[in-house]
Amino acid sequence: MLDALATPSETRTRPILEVKGLKAYYQMNYFGVQREVRAVDDVTMTISRGEIYGIAGESSSGKSSLIKTIAGAIRPPLRVVEGSVKFDFGGKTLDVYADPARMKAARWQHLSYIMQGSMNVLNPVRKVKHAFHDFAYKHMSLGEGDFRQRLVSHLERIGLDPRVLESYPHQLSGGMRQRLTIALATVCEPEFIIADEPTTALDVLVQQDVLALIKDVQRRMGSSIIFVTHDMTVHAAIADRIGIVYAGRLVEEGPTLDVFQQPQHPYTAHLIASLPRIGDLRKRKALPGKPPNLSEPPSGCRFHPRCPLAIDICKTENPPLETRGTGRVACWRAGEVEAA
Amino acid sequence: MTPLLELNGVNKDYSIGGFLDRSTLHAVKDVSFKLESDKPEIFTIVGESGSGKTTTARMILGNETPTSGTLRFMGQDIAAIRSRADRLKFMARAQPIFQNPFEAFNPLTTLDYYLFSTARRFLGLKSRAEVEAAADRSLQHVGLSLTEVRGRYSHELSGGQLQRIAVARALIPGPKLIVADEPVSMVDASLRMSIVNLFRDLRDNLGVSIIYITHDLSTAFYISDRVIIMYRGEVVESGDAKTVLGSPTHAYSRALRNAVLPPDPIAARAIIEAKLADANLAGPAGA
Ligand SMILES: Nc1ncnc2c1ncn2[C@@H]1O[C@H](COP(=O)(O)OP(=O)(O)OP(=O)(O)O)[C@@H](O)[C@H]1O
Ligand SMILES: Nc1ncnc2c1ncn2[C@@H]1O[C@H](COP(=O)(O)OP(=O)(O)OP(=O)(O)O)[C@@H](O)[C@H]1O
Ligand SMILES: [Mg+2]
Ligand SMILES: [Mg+2]
């Protein structure tokens, strides 16, 4: 209904993605024993058109599970338990879990998703050029020649010789394959790009080229991008806003500069303070305690067992994610966090 | 004394391209280095993506043969190891660790199974008690124990714990050398530190040498004894890690060092903007 009433300018300003109260759990049954890993627990967020949103957090905190669920790319044992994911493509609402058929059609045309470790998804028995033909070319209204030209200049920007198109995946290095999957997801310039750890296998020089390419696609095409990485320097370089995930929950979100300069959650403050700097041999202060077990998460605020600021309420009550300053934070002591 | 590992003028060529435009790719060019057997060290390889690091590692592990040059492990020509028995003996001494701890273990198999089967295969152990003792001993070296790991599946543990278990498994045969190809790229900064600190403990307490391949210059600087920098198949700079990474002299190594993104949004953004400006001068992509 809203769709019909929206004026063109409203369409443009409406967020491209709205995630509401999303819960997605791995539900398993081992020899009759039910187990549940609450990897995405009550996440609410919106992404604006043309925005680059970075998701950060430690290993196993649920970053991949979250964006997999947003991309509609989950399979058992991961299941959506509650909540919704809605995209707005060209003024039409696409409710990912209410309309799986349309979601499937939107893949590649409106949305591309680069999975974690996706350098291993290229078909091992086919030359890589076929992947470009199947996924990108089919969704673009370009002639063969123009497509080829676009592709070649695209590859060259991230340091790949166009001859790689004639190779089989096993003939390429890990970083070359990772760059190919990024090229695959960006060459057709989709409205929405979701990328999970897209630069982990690259040297720092090539990584910069890839980040510049992503930024360029966003700027020229107005694409919206969510990307996940535990590398805070990558967030510093290209994210407009950052969301910090801890134990399946979004604990802080805000404009990149503000998050770096004035972290509001004690966990974020720790992340920023412990960034390694080359030439610095000091041992870093590690967080005390162990990363939480998501099948038996701590009560109250999930960070409380490791938090230097924890008080009684933190042990029993989960702090809601509330607007504070330019961002949102879920912490009972948000006002008292010292900047690093 | 016979060196632990000695590479002498090692080259690896691949023939690439189609039927008509076949050409030769020099993946590794004239690489030589030596690890002494009485001086365990962390020997790090950094360099450009596609510069031949993994290919070098594969040759050291005997999974690929050089086009020319020799690789010797404890005096033996690695490419000449033929019989199954010799191969097993070699593998017991030189163990790999891979990039993705989540892929190294099948999600449907319990982790202790991997440790037990390694103990049976390499140590020839038969009785359950012996096998378990061997698994527990190597888990202790990485700060874990069999009680913590028994019956657990890979997804129940963190990436850092899994990578520790991968190291524990590699330790079971009592290796002299561990070849770790990007062992920390999939894990966060604090787990990275715990894994490289573990490498240091293995070097100091067990006398194991480690070939550490990485793109992470800060852990490389922090942990390495010596480092080589590879660019287009060649070693362009080598030596003491603090010197080479602290004040590199070759143009590529300098560029690499200067390209490390600063953990500061204003400075990091400026770098990406400069890249973008360069790329657009060179010709707009796709336009
Ligand atoms: N197939 C699965 N079955 C059961 N549990 C799983 C599965 N995949 C992931 N998990 C669990 O879900 C939790 C979140 O994992 P996820 O992969 O989303 O984390 P992540 O933040 O992306 O970590 P990383 O930085 O290591 O990629 C972890 O506890 C993990 O063990
Ligand atoms: N089996 C093969 N057939 C043909 N070419 C190959 C083969 N294996 C590797 N190559 C080529 O050899 C070169 C070196 O690859 P290698 O995997 O050693 O690089 P690397 O330094 O490990 O890079 P990365 O940092 O991206 O992992 C690359 O150009 C690659 O395409
Ligand atoms: Mg992940
Ligand atoms: Mg490699």
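Conventions and cut-offs
Residues numbered from 1 in each chain as written. Chains lettered and ligands numbered in written order. Predicted model: local features only at pLDDT ≥ 70, side-chain atom pairs only at ≥ 80, totals over all residues. Heavy atoms only, no water. Helix = DSSP H or I, 4+ residues; strand = E, 2+ residues; numbered from the N terminus. Expected span 1.5 Å × (residues − 1). Buried < 20%, exposed > 50% of the residue type's maximum accessible area, 1.4 Å probe, protein only. Near = heavy atom within 4 Å. Polar contact = N/O pair within 3.5 Å; in protein donor to acceptor, adjacent residues only side chain to side chain. Areas by Shrake-Rupley, 256 points an atom, 1.4 Å probe, with all protein chains shown as cover. Nonpolar A, V, L, I, M, F, W, Y, C, P; charged D, E, K, R; others polar. Salt bridge = Lys/Arg side-chain N within 4 Å of Asp/Glu carboxyl O. Disulfide = S-S within 2.5 Å.

Draft legend 1. Region of the structure containing helix α7 (residues 159-171) of chain B. All names here are of chain B. Taking 1.5 Å per residue as the helical rise, α7 with its 13 residues ought to reach 18 Å, and the 18 Å between its terminal C-alpha atoms agrees with that figure. Where burial is concerned, most of α7 is hidden: 11 out of the 13 residues are buried. Every buried residue of α7 is accounted for by G159, G160, L162, Q163, R164, I165, A166, V167, A168, A170 and L171.

Draft legend 2. How the structure looks around the site of ligand 1. The full set close to ligand 1 counts 17 residues, and S60, K63, S64 and S65 of chain A together with H155 of chain B are the nearest of them. Residues lining ligand 1 come from chains A and B. The backbone of S61 of chain A places a nitrogen or oxygen atom 3.1 Å from an oxygen atom of ligand 1. Between ligand 1 and G62 of chain A there is a distance of 3.0 Å, counted from an oxygen atom to a backbone nitrogen or oxygen. About the coverage of ligand 1: the protein hides 84% of its 640 Å² of free accessible area. Of all elements in the fold, only β1 (17-30), β2 (33-47) and α3 (63-70) of chain A reach the threshold of two or more residues within the shell around ligand 1. In the shell around ligand 1, the residues fall into seven nonpolar, eight polar and two charged.

Draft legend 3. Here's a closer look at the pattern of salt bridges. Residue and element names in this part refer to chain A. Inspection of the entire model under this criterion finds 33 salt bridges over all chains. Here E253 and R328 are joined by a salt bridge, their closest N and O atoms 2.8 Å apart. Taken together, the residues span a long stretch of sequence, with E253 in strand β10 (residues 249-255) and R328 in strand β12 (residues 327-329) at a distance of 75 residues. By sharing partners, the salt bridges in this structure join R150, R157, E189, D216 and R220 into a single network.

Draft legend 4. Representation of the site of ligand 2 within the structure. With respect to spatial proximity, 20 residues lie near ligand 2, and among them Q171 and S173 of chain A together with G50, T54 and T55 of chain B are the closest. Flanking ligand 2 are residues from chains A and B. The contact in question runs from an oxygen atom of ligand 2 to an N or O atom on the side chain of T55 of chain B, over 2.5 Å. Burial of ligand 2 by the surrounding chains reaches 90%, relative to a free accessible area of 640 Å². Secondary structure elements with two or more residues in the shell around ligand 2: α7 (174-186) of chain A together with β2 (23-35) and α1 (53-60) of chain B. Grouping the constituent residues of the shell around ligand 2 by class yields five nonpolar, 12 polar and three charged.

Draft legend 5. Looking closely at the state of the cysteines. Residue and element names in this part refer to chain A. Applying the stated criterion to the full structure yields zero disulfides over all chains. The closest cysteine sulfur to the non-disulfide-bonded C307 is located on C331, 6.1 Å from its own sulfur. Taking the relative accessible area as the measure of exposure, C307 reaches 16% and is therefore buried. What makes C331 buried here is its relative accessible area of 18%.

Limitation: the analysis is restricted to geometry and does not speak to function.
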